[in-house]
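# Reading the structure
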Amino acid sequence: MQLHTIKGYIQDMYLVEYPDKLLLLDGCCRADIPVIEHFICDELKLSMSDLALIVVTHMHPDHAGAAQTLRKRYGCKIAAANVPGQWYSGIDGKLMHLADMLLTWWVAGRQKKAKKFIYYPSKLIADYALNDQQQLPGFADWRVHFTQGHTDRDISLQHLPSQQIYVADLMVKVRGKFIAPYPVFYPNRYRASLNKIKALKNETLLFAHGEQSQLTPQQWQQLIASAPTKPVTHWRSVKTKLKRVLFNN
């Protein structure tokens, strides 16, 4: 296989090329579709019909935004974690879906990028429901690892022959340090996920936000020690800001 790294709207995209098919390691942003089409058709000189599978590691806009449109246009399949229910369910879910898209625009602004159309469905019906430790359908050299915590359905994807693992948003690299993502809904699961990936040892980590690297024991220790012990979520952030405003008044 050949791994291609493509700059997306606010994240790195990973496209895996095989002699007879393509695998997209995450669902990307809705705004990334023209970039993906250009890379496959113009850079690789392949057809969009070669895109066989898209994995959605979780439902945030930069990881699920392009998947369903690409499936509708080109007939590729979608795989996601075998977790019951929808992440954005109920009224709270609709509000969180909107908040996450606004947060995507905020991140884009911080990167000095213009606002682009990023709306995508809040519900996902995957073609394949993935279980922990199973192989990807049609791509037996990739193993699924449940790495929940950021949400209830995060997964990482390990390429067994090359000892690389795409960890999506399990961690982000900021000013040279690895830190927990925002939000973290399930801190206990999150810490367990960090220890799970750490235990694989000597893996090259591929990040959605940050260059690929191998973490030193000291970096792992710092990351795990600094991981939140309480949920860090949208609503908790709002409540904290309200308390600060009231206290200052």
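Right above here is the structure, for reference.
Numbering of residues begins from 1 in every chain and follows the order in which that chain's sequence is written. The predicted nature of this model means local features are confined to residues of pLDDT at least 70 and side-chain atom pairs, given and counted, to a pLDDT of 80 or more, with totals for whole chains, interfaces and linings taken over all residues. Hydrogens and water are ignored here; the side-chain numbers use all heavy atoms of the structure.

### Some words on the overall build of the protein
- Under the scheme used here, helices are H or I runs from DSSP no shorter than 4 residues and strands are E runs no shorter than 2 residues, and both carry numbers assigned from the N terminus. Summing up its helical and strand segments, the protein has seven helices and 13 strands in all.
- Residue burial is assigned from relative accessible area. The probe radius is 1.4 Å, only protein chains are included, and a residue is buried under 20% of its type maximum, exposed over 50%, and partly exposed in between. Within the span of the protein, comprising 249 residues, buried residues form 50% of the whole.
- Restricting to contacts in the protein with at least 6 residues of sequence separation, those with at least 24 account for 67%.
- With an accessible surface of roughly 12500 Å², the protein has 55% of that area assigned to carbon and sulfur atoms.
- Charge assignment in this entry is limited to Lys and Arg as positive and Asp and Glu as negative, and neither His nor the chain termini are counted. Here the site of a charge means NZ on Lys, CZ on Arg, CG on Asp, or CD on Glu. For the protein, the separation between the mean place of its 31 positive charges and that of its 20 negative charges on side chains is 11 Å. By definition, residues are in contact when any of their heavy atoms lie within 4.5 Å. Here the Shrake-Rupley method, with its probe set to 1.4 Å, supplies the accessible areas, and only the displayed protein chains count as covering residues.

### Structural notes on the environment of Val 144
- By secondary structure assignment, the location of Val 144 is in strand S8 (residues 139-146).
- Residue class for Val 144 comes out buried when judged on its relative accessible area of 0%.
- The residues touching Val 144, leaving out its near neighbours within four places in the chain, are Leu 130, Asn 131, Asp 132, Gln 133, Gln 134, Leu 136, Ile 155, Ser 156 and Leu 157.

### Some points on the sheet that holds strand S4 (residues 51-56)
- Strand order in the open sheet formed by six strands is S1-S2-S3-S4-S5-S6, and the pairing between neighbours is mixed. Because the sheet does not close on itself, it has two edges, and the strands there are strand S1 (2-7) and strand S6 (128-130). Strand-to-strand, the axes of this sheet are offset by a mean angle of 25 degrees, without reference to chain direction.
- Here S4 pairs with strand S5 (residues 77-81) via four bridges, running parallel. Pairing of Val 55 across the sheet is with Ala 79, part of S5.
- Lying on the sheet, helix H3 (residues 67-74) is in contact with strand S3 (22-24), S4 and S5; it crosses S4 at an angle near 160 degrees. DSSP calls a pair of strands paired once it identifies at least 2 bridges connecting them. Helix axes use the C-alpha atoms of the stretch in contact, all axes being lines fitted to C-alpha atoms, and the angles between their N-to-C directions lie in the range 0 to 180 degrees.

### What to know about the side chain of Asp 169
- Tracing the chain through its elements places Asp 169 in the loop between strand S10 (164-168) and strand S11 (172-174).
- Salt-bridge detection follows one rule: a side-chain nitrogen of Lys or Arg within 4 Å of a carboxyl oxygen of Asp or Glu. Although buried, Asp 169 forms no salt bridge, and the nearest oppositely charged side chain, Lys 7, lies 13 Å from it.
- A distance of 3.3 Å separates a polar atom in the side chain of Asp 169 from a polar atom in the side chain of His 58.
- Residues within four places of Asp 169 in sequence aside, it is in contact with His 58, His 63, His 150, Pro 181, Ala 208 and His 209. Residues adjacent in sequence count toward polar contacts only when both atoms are side-chain atoms; beyond that, a polar contact is any pair of N or O atoms within 3.5 Å, and within protein one must be able to donate a hydrogen and the other to accept it.

### A look at the packing of helix H1 (residues 33-43) against H3
- It is at 11 Å that the axes of H1 and H3 come closest, and there the two elements cross at 50 degrees. Judged by the angle between their axes, H1 and H3 are oblique. Of the residues in H3, those touching H1 at Ile 33, Ile 36 and Glu 37 are Thr 69, Leu 70, Arg 73 and Tyr 74.
- In terms of residue class, the contact of H1 with H3 is made up of four nonpolar, one polar and two charged. Roughly parallel here means an angle under 35 degrees, roughly antiparallel means over 145, roughly perpendicular means 65 to 115, and every remaining angle is called oblique. All residues other than Ala, Val, Leu, Ile, Met, Phe, Trp, Tyr, Cys, Pro, Asp, Glu, Lys and Arg, Gly among them, are scored as polar; the first ten of these are nonpolar and the last four charged.

### So, the pattern of salt bridges
- Taken as a whole and judged by the stated rule, the model has five salt bridges.
- Between Lys 196 and Asp 132 there is a salt bridge, with the nearest N and O atoms lying 2.9 Å from each other. One end of the pair, Lys 196, is in helix H5 (residues 187-200); the other, Asp 132, is in the loop between S6 and strand S7 (135-136), and 64 residues separate them in sequence.
- Classification of Lys 196 as partly exposed rests on a relative accessible area of 24%.
- For Arg 153, the salt bridge goes to Asp 152, with nearest N and O atoms at 2.7 Å.

### Some details on the pairing of strand S2 (residues 12-17)
- Counting buried residues along S2, six of its six residues qualify, which places the element largely inside the surrounding structure.
- Sheet analysis places S1 next to S2, joined by six bridges and oriented antiparallel. For His 4, the partnering residue across the bridge sits in S2 and is Leu 15.
- Here S1 hands over to S2 after four residues, the two strands then running antiparallel side by side.
- Judged from the three bridges that link them, S2 and S3 form a sheet pairing that is antiparallel. For Glu 17, the partnering residue across the bridge sits in S3 and is Leu 22.
- The turn linking S2 back onto S3 is made up of four residues.

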